[in-house]
Amino acid sequence: MKKRTKLPTILSLFAALFLVLGACSNSDDKSNEEKEENEHKEHSEMDMNHSSSGDVPEGLKAAENPTYEVGSQAIIESGHMESMKGAEATIVGAFDTTAYAISYTPATGGEKVENHKWIIHEEIKDAGEVTYEPGAEVTVNASHMEGMNGAVAEVESAEKTTVYMVDFTPTTGREKVKNHKWVTESELSASK
């Protein structure tokens, strides 16, 4: 009789051990994901040319009725750059186009940049009228980050939207950024 009661106890102990080990494994996975996300943010912060001249690519058309008009204020809700999220922005330009998230290895060498947001259709070399699908290979004709111009990139996603050029003061207190390209409409909310 005593042997039978030991077996369920031993099985219960093993089950508890597996639960504890499983929980540790999940927290390790989460911390690794957070670490990779932070490294990407640091990479983006370091290499991105936050300010620009304000010049726009040839053929880019101003939006006729943008949600956020030029001169108005909006809050940046995007998290693809840490210092942008929560910053108040002044809308400098609004344009209707297709925005692409891309992955590419910088033309100057270095680590691959994953899921960079955003370049627009008019910043793709020899772009025609057709929107590129995820998986398409394109050559970038923009200098948002060091090594981006001339890089061969893979399209991760495409979104027909209004994109905005904005001025903002980073939430980290750094120098004001002028003519930042690009923030999509879904990454903005009305200023309070």
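Residues numbered from 1 in each chain as written. Predicted model: local features only at pLDDT ≥ 70, side-chain atom pairs only at ≥ 80, totals over all residues. Heavy atoms only, no water.

### Section: the overall build of the protein chain
Check the secondary structure of the protein chain and you find one helix and eight strands. For the protein chain, with 192 residues in total, the buried portion stands at 37%. For the protein chain, long-range pairs separated by at least 24 residues make up 61% of all intrachain contacts whose partners lie at least 6 apart in sequence. Roughly 11,700 Å² of accessible area belongs to the protein chain as shown, and the carbon and sulfur atoms make up 50% of that amount. (Helix = DSSP H or I, 4+ residues; strand = E, 2+ residues; numbered from the N terminus. Buried < 20%, exposed > 50% of the residue type's maximum accessible area, 1.4 Å probe, protein only. Contact = heavy atoms within 4.5 Å. Areas by Shrake-Rupley, 256 points an atom, 1.4 Å probe, with all protein chains shown as cover.)

### A word on the environment of K160
Note on placement: K160 falls in strand β6 (residues 152–168). Remark: the alpha-carbon pair of K160 and H121, spanning 39 residues in sequence, is separated by 9.5 Å. Residues contacting K160, with those up to four places away along its chain left out, are T97, T98 and T131.

### Notes on the pairing of β6
Pairing between strand β3 (residues 88–104) and β6: 15 bridges, direction antiparallel. Directly across from T98, in β6, lies its bridge partner K160. Taken together, the three bridges between strand β5 (residues 137–139) and β6 define a ladder with antiparallel strand orientation. Bridging from a neighbouring strand, V138 pairs with A153 of β6. (Pairing = 2+ DSSP bridges.)

### Topic: the environment of Q73
Among the structural elements, Q73 can be located in strand β2 (residues 73–76). Along the backbone, Q73 and L188 are 115 residues apart, and their C-alpha atoms lie at a distance of 9.7 Å. Setting aside its immediate chain neighbours within four residues, Q73 contacts E88, A89, T90 and S191. Within the local environment of Q73, its side chain forms a polar contact with the side chain of T90, the two groups lying 2.9 Å apart. (Polar contact = N/O pair within 3.5 Å; in protein donor to acceptor, adjacent residues only side chain to side chain.)

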